[in-house]
Amino acid sequence: MKGCAELGYLEIPPGEGKEEGAMKNLENLLGSVWNYIFGTNSEIEGARTSQSASKVSCSSLEQALPSKVLYPSNATYQSTLSSYWSLQEANLSPSCFLAPTSPSDLAQAVSVLTAPSSSHCKFAIKGATHAPAAGFANIDGGVTIDMSRLDSITVDDGTKVVSVGAGAEWIDVYRFLDPLGLTVAGGRNGAVGVAGLTLGGGISYWSPQVGLTCDTVVNFEIVLADGKLTNVNATSHSDLFKALKGGANNFGVVTRIDYTPVQIGQILGGSVVNSIGQSSAIFQAFTNIADSAEYDVHASIVTGLIFNSTTKSWVISSNPLYTKPVARPAVYEELFQIPQLTNSSAIQNLSTLAAEAATRPLNWAFYTGTYGVSLPLLENFFNIVNSTVYSFNPTGGVLWDIALEPFPTAIKKLTKNDIFGISQEGNDFVLLLTAIWPDSSSCSEISTQAQSLLAELDKSAEESGLLRQYQYINYANPSQKPFEGYGAKNLAFLKQMSKKYDPKGVFQRQVPGGFKL
């Protein structure tokens, strides 16, 4: 049977404790996992050469940047490993971590890693690690660059442009900006990283008002493959500026991002939990919100169907957010009238809402799709999911979360960058299918089940004429091909930009993690 590593996940021995204990941890996640939802390894051939090169590279990095290279014997190396969100990433062991503290450090590091002596060394870029697949932000036997110390946040007194270090998490940004009455249209979960979200597009609470997160960027500071620290914006390297807004990690290592801010006060946020018996009413309310001809741009809701394979129990959890301090906005009246199990909605600061408690590392898998809004389609989706997962209970159990997020024309018409190939017509929704499990011996069968389930959902949508080609890259699984969903013309443009700014293919060949062009 295939192990996690062969599937883009790392195979590890099952954790200690009884199955009941493992599932108790999954049960405890029900309250917090919902808000938390917001690679591939190097080929075996040449692995020895790569590992040998990585040792040389680590030594060269240590000479160039003393005290900033961490080896496995170092306690900080071990704590860095333990900071990964998923087991798949936490169980990869780089030859060394590099911990730059300035953009110039990073420029030096890229120059070292792209030198002839390091040409076989693979490296990874570690941000907040919320892409769970193995190899997306870590690497076995190579060099991992830990960006967490590049986390500065400043606001220009005149323009109010917010400059954020690429290693910051969104909670850092919100805590800094809340007292100033400002925010950036960033991640909904504060533990998500700034750079990763932005380079993948970024869906935000403010997206119906200002577009995707990348639409609010006015400048990227980036280290290119030749080691040069470069500012990229609408007037300098404008073609690369376009490519970075959705092109992920394929062009360089971003060190700082400058954003146009949004004015903010307190907001409505929290979660509403309903029994599965209310699913029809919830789907109707979600459809009426997501498919409204006059979408309320202050509304941003995510509705999730959560299933525990051990208890065979369903629950529905929704996060109805409103970007104004209105306790009962009209757009959510239908939802609020449905009988509830709990409701924690309250007027609060964004920094309070986005501060999520950490969970211990587990195995995670993301899959995604985009579909036209339709009540019959939502009902059919639930029937497909329920019939597929209800009798499936792998060793250690699995928690499934099927999250539904409106992707209305209100957002699409504000998307300044056409690189995504998104149709401007019609209201859609983005689906995030998440599997969470404690026992790595179950990786293969869970992956097979998840891919089969998504294929059935896509088939159902296609038969109804509601399947869209766009796949939100920040939610995509390594088995998916989100760049193909951008369209042939846009993918060709991204490849052209890669050849122009990275002619030796450093970020295609030496940085194997993430989605390559």
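Going by the structure above, here's the rest.
A. Fine view of the pattern of salt bridges. Applying the stated criterion across every chain yields a total of 10 salt bridges. The closest approach of N and O atoms between D146 and R149, which form a salt bridge, is 3.4 Å. Overall, the relative accessible area of 4% leaves D146 in the buried class. Its relative accessible area of 34% is what places R149 among the partly exposed residues. Bridged by salt links that share partners, the residues K126, D146 and R149 form one connected network.

B. Fine view of the packing of helix α14 (residues 375–389) against helix α16 (residues 443–463). Direction vectors running N to C along α14 and α16 enclose 155 degrees, while the axes themselves pass 10 Å from each other. Judged by the inter-axis angle, α14 sits roughly antiparallel to α16. As for the relative orientation of α14 and α16, their crossing is right-handed in sense. In this structure, α14 contributes L377, N380, F381, I384, V385, T388 and V389 to the contact, and α16 contributes Q449, L453, E456, L457, S460 and A461.

C. Layout of α16. Taking 1.5 Å as the rise per residue, α16 with 21 residues should run 30 Å; its terminal C-alpha atoms sit 30 Å apart, in good agreement. The complete set of buried residues in α16 reads C443, S444, I446, S447, Q449, A450, L453, L454, L457, D458, S460 and A461. Contact partners of the buried residues in α16: β18 (363–372), α14, β19 (399–407), β20 (428–437) and β21 (467–468). Positioned one or two residues after α16, G465 has a phi angle of 70 degrees, which is positive.

D. The arrangement of the packing of helix α11 (residues 279–290) against α14 in detail. Running from N to C, α11 and α14 point in directions that differ by 140 degrees, and their axes come no closer than 9 Å. The orientation of α11 with respect to α14, classified from their angle, is oblique. As for the relative orientation of α11 and α14, their crossing is right-handed in sense. Across the interface between the two elements, S280, F283, Q284, F286 and T287 of α11 pack against L375, L378, E379 and F382 of α14. For the contact of α11 with α14, the per-class residue count stands at five nonpolar, three polar and one charged.

E. Just the side chain of N477, in detail. As for its position among the elements, N477 is in the loop between β21 and α17 (488–501). Polar contacts involving the side chain of N477 include one to the main-chain carbonyl oxygen of F366, which spans 3.1 Å.

F. Region of interest: the packing of aromatic side chains. Tallied over the full model, the rule gives 27 aromatic pairs. Aromatic side chains Y322 and Y332 sit 6.4 Å apart centroid to centroid with 80 degrees between the ring planes, which places their arrangement in the edge-to-face category. Here Y332 lies in the loop between β15 (313–322) and α12 (333–337) and Y322 lies in strand β15, a separation of 10 residues in the sequence. With respect to class, Y322 is no different from Y332; both count as buried. Geometrically, the ring pair formed by F381 and F429 is edge-to-face, given 6.3 Å between the ring centres and 70 degrees between the ring planes.

G. Up close: the layout of surface pockets. By volume, the second largest pocket is sized at about 350 Å³. Lining the second largest pocket are 20 residues; nearest its centre among them are S83, A128, T129, E169 and A191. Residues belonging to the lining of the second largest pocket are distributed by class as follows: eight nonpolar, eight polar and four charged.

H. Structural view of the sheet that holds strand β2 (residues 96–98). Strand order in the open sheet formed by four strands is β1-β2-β4-β3, and the pairing between neighbours is mixed. Edge positions in the sheet fall to β1 (69–70) and β3 (123–126), since each of these pairs with one other strand and no more. Inspection of the sheet shows β2 paired to strand β4 (residues 143–146) by three bridges, in the parallel sense. When the bridges of β4 are listed, F97 appears paired with T144.

I. Geometry of the environment of S57. Counting through the fold element by element, S57 comes out in helix α3 (residues 47–64). For the pair S57 and S118, spaced 61 residues apart in sequence, the C-alpha separation works out to 5.6 Å. Among residues more than four places away in sequence, those in contact with S57 are V112, L113, S118, C121 and V143.

J. Here's a closer look at the state of the cysteines. Throughout the structure, instances matching the rule amount to one disulfide. What pairs with C58 in a disulfide is C96, and their sulfur atoms sit 2.1 Å apart. With the S-S bond torsion at -95 degrees, the cross-link from C58 to C96 turns out left-handed. One end of the pair, C58, is in helix α3; the other, C96, is in strand β2, with 38 residues separating them in the sequence. Of the two residues, C58 and C96, both sit in the buried class. C58 supplies the cysteine sulfur nearest to C121, a cysteine that is in no disulfide, at a spacing of 6.5 Å. By relative accessible area, which is 0% here, C121 ends up buried.

K. Looking closely at the side chain of K245. Assignment of secondary structure puts K245 in the loop between α10 (238–244) and β10 (253–259). With near-sequence residues (within four places) excluded, K245 lies in contact with L199, C214, V217, F220, N417, I419 and F420.

L. Quick peek at the sheet that holds β10. Read from one edge to the other, the open sheet built from five strands follows the order β5-β6-β10-β8-β9, with strand pairing classed as antiparallel. With one partner strand each, in any of the chains shown, β5 (153–155) and β9 (229–232) form the two edges of the open sheet. Strand after strand, the sheet turns through a mean of 15 degrees between neighbouring axes, direction not considered. Bridge count for strand β8 (residues 217–223) against β10 is six bridges, and the pairing is antiparallel. When the sheet's bridge partners are listed, E221 is paired in β10 with R256.

M. The arrangement of unusual backbone geometry in detail. Notably, K160 is not glycine yet its phi reads approximately 65 degrees, a positive angle. Within the element layout of this structure, K160 appears in the loop between β5 and β6 (162–165). Judged by relative accessible area, which is 38%, K160 ranks as partly exposed.

Calculation notes
- Residues numbered from 1 in each chain as written.
- Predicted model: local features only at pLDDT ≥ 70, side-chain atom pairs only at ≥ 80, totals over all residues.
- Heavy atoms only, no water.
- Salt bridge = Lys/Arg side-chain N within 4 Å of Asp/Glu carboxyl O.
- Buried < 20%, exposed > 50% of the residue type's maximum accessible area, 1.4 Å probe, protein only.
- Axes fitted to C-alpha atoms, helices over the stretch in contact; angles between N-to-C directions.
- Helix = DSSP H or I, 4+ residues; strand = E, 2+ residues; numbered from the N terminus.
- Parallel < 35°, antiparallel > 145°, perpendicular 65-115°, else oblique.
- Left-handed = near helix turned anticlockwise from the far one by under 90°.
- Contact = heavy atoms within 4.5 Å.
- Expected span 1.5 Å × (residues − 1).
- Nonpolar A, V, L, I, M, F, W, Y, C, P; charged D, E, K, R; others polar.
- Polar contact = N/O pair within 3.5 Å; in protein donor to acceptor, adjacent residues only side chain to side chain.
- Phe/Tyr/Trp six-rings, centres within 6.5 Å; stacked < 30°, edge-to-face > 60°.
- 1 Å grid on protein atoms, 1.4 Å probe; cavity = no way out; pocket = protein on both sides within 12 Å on 5 of 7 lines; lining within 4 Å.
- Points joined across faces, edges and corners; volume = space filled by probe spheres on them.
- Pairing = 2+ DSSP bridges.
- Disulfide = S-S within 2.5 Å.

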